[in-house]
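Structural characterization, general
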Amino acid sequence: MRCTASIAILCLTLLPMLASAEPTKGDRLFTLAGSGSSDTDFDNNTASVSFDLGKFYSTSTAFGLRQSIGFADTNDNSSWSGASRFFGDYHFNAGDWRPFVGANLGGIYGDDVDETFFAGPELGVKYYVLPRTYITVQTEYQIFFDNADEAESNFDDGAWAYSAGIGFNF
């Protein structure tokens, strides 16, 4: 009887923490996202997967590492590419919705890719479907450069990257 009461008290104590969609300082995050495309004959195909691994340094601010890996298979060629970058995001508290803005800095590499650095802003939104589980969509604008002097002149030649996925706070 005493053990059952202890377990009940422990569950009731943890319930508010589990019911909150707001990350707490020290929470870690993991997000898995993917995308793909094919032409109508499935002759030209692309697929990519990315993951974020980070930590909340406050209830609003998270920093981490994002890794993306892509594969393209066309009539002429098959190739892969990767991108590794650090990110920092500020999350706005809107209940289960958590819009965020941030920035990233990293590099791109692989077959048929000009290996270079990139940086840029990002924005997105997380929607908590469960207290510590969310779906997310985001976009980032990537400005490519080999040195700091090129970053400003290459701003108009950047690329947009989009992703959708699922994530967890733990």
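Residues numbered from 1 in each chain as written. Predicted model: local features only at pLDDT ≥ 70, side-chain atom pairs only at ≥ 80, totals over all residues. Heavy atoms only, no water.

Section: the packing of aromatic side chains
- Counted by the stated rule, this structure contains nine aromatic pairs.
- Taking the centre distance of 4.5 Å and the plane angle of 45 degrees together, the rings of Trp-97 and Tyr-127 count as tilted. Of this pair, Trp-97 sits in strand S5 (residues 97–110) while Tyr-127 is found in strand S6 (residues 116–130), placing the two residues 30 residues apart along the sequence.
- Lying over the aromatic face of Phe-87, Arg-66 brings its terminal NZ or CZ to 4.5 Å of the ring centre.
- Above the plane of the ring of Phe-100 lies Lys-126, whose end atom (NZ or CZ) is 5.6 Å from the centre. (Phe/Tyr/Trp six-rings, centres within 6.5 Å; stacked < 30°, edge-to-face > 60°. Helix = DSSP H or I, 4+ residues; strand = E, 2+ residues; numbered from the N terminus. Lys NZ or Arg CZ within 6 Å of the ring centre and 35° of its normal.)

Some details on the side chain of Arg-98
- As for its placement among the helices and strands, Arg-98 is situated in strand S5.
- Take Arg-98: its relative accessible area is 1%, and that puts it in the buried class.
- Within the structure, Arg-98 has its side chain in polar contact with the backbone oxygen of Thr-59 (distance 2.8 Å).
- Within the local environment of Arg-98, its side chain forms a polar contact with the side chain of Asn-93, the two groups lying 3.5 Å apart.
- If we ignore the near neighbours within four places in the chain, the residues touching Arg-98 are Glu-22, Pro-23, Thr-59, Ser-60, His-91, Phe-92, Asn-93, Gly-124, Val-125, Lys-126 and Tyr-128. (Buried < 20%, exposed > 50% of the residue type's maximum accessible area, 1.4 Å probe, protein only. Polar contact = N/O pair within 3.5 Å; in protein donor to acceptor, adjacent residues only side chain to side chain. Contact = heavy atoms within 4.5 Å.)

Structural notes on the confidence of the model for the chain
- Confidence along the chain averages 87 in pLDDT terms, with 86% of residues attaining 70 or more.
- Predicted confidence in the chain is weakest over helix H1 (residues 2–19), with a mean pLDDT of 48, and strongest over S5, with 97.
- Confidence over residues 10–19 falls short of pLDDT 50; this stretch has three contacts with residues more than four positions distant or in other chains. (pLDDT = per-residue confidence, 0-100.)

Regarding the nonpolar core
- Residues Leu-29, Phe-56, Ala-62, Phe-87, Tyr-128 and Tyr-134 constitute the largest nonpolar core, which totals six residues.
- With near-sequence residues (within four places) excluded, Leu-29 lies in contact with Asp-52, Leu-53, Gly-54, Phe-56, Ala-62, Phe-87, Lys-126, Tyr-134, Phe-168, Asn-169 and Phe-170. (Core = buried A, V, L, I, M, F, W, Y, C linked by side-chain atoms within 4.5 Å.)

Considerations on the environment of Ser-153
- Position of Ser-153 relative to the elements: it lies in helix H2 (residues 148–153).
- A residue is classified by how much of its surface remains accessible, and Ser-153, at 53% relative accessible area, is exposed.
- Counting along the chain gives 10 residues from Ser-153 to Ile-143, while the straight-line C-alpha distance between them is 9.5 Å.

So, the pairing of S6
- Relative to S6, S5 runs antiparallel, the two sharing 12 bridges. Residue Ile-108 lies in a different strand from S6, and its bridge partner there is Thr-116.
- Between S5 and S6, which pair antiparallel in sequence order, lie five residues; one of them, Asp-112, sits at a positive phi of approximately 55 degrees.
- In this structure, S6 lies alongside strand S7 (residues 133–145), joined through 11 bridges in antiparallel fashion. (Pairing = 2+ DSSP bridges.)

A word on the pairing of S5
- Where strand S4 (residues 78–91) lies against S5, 11 bridges are found, and the strand directions are antiparallel. Bridge pairing links Gly-88 to Ala-103 in S5.
- Counting the residues in the hairpin turn of S4 and S5 gives five residues, including Gly-95, whose phi is positive at 75 degrees.

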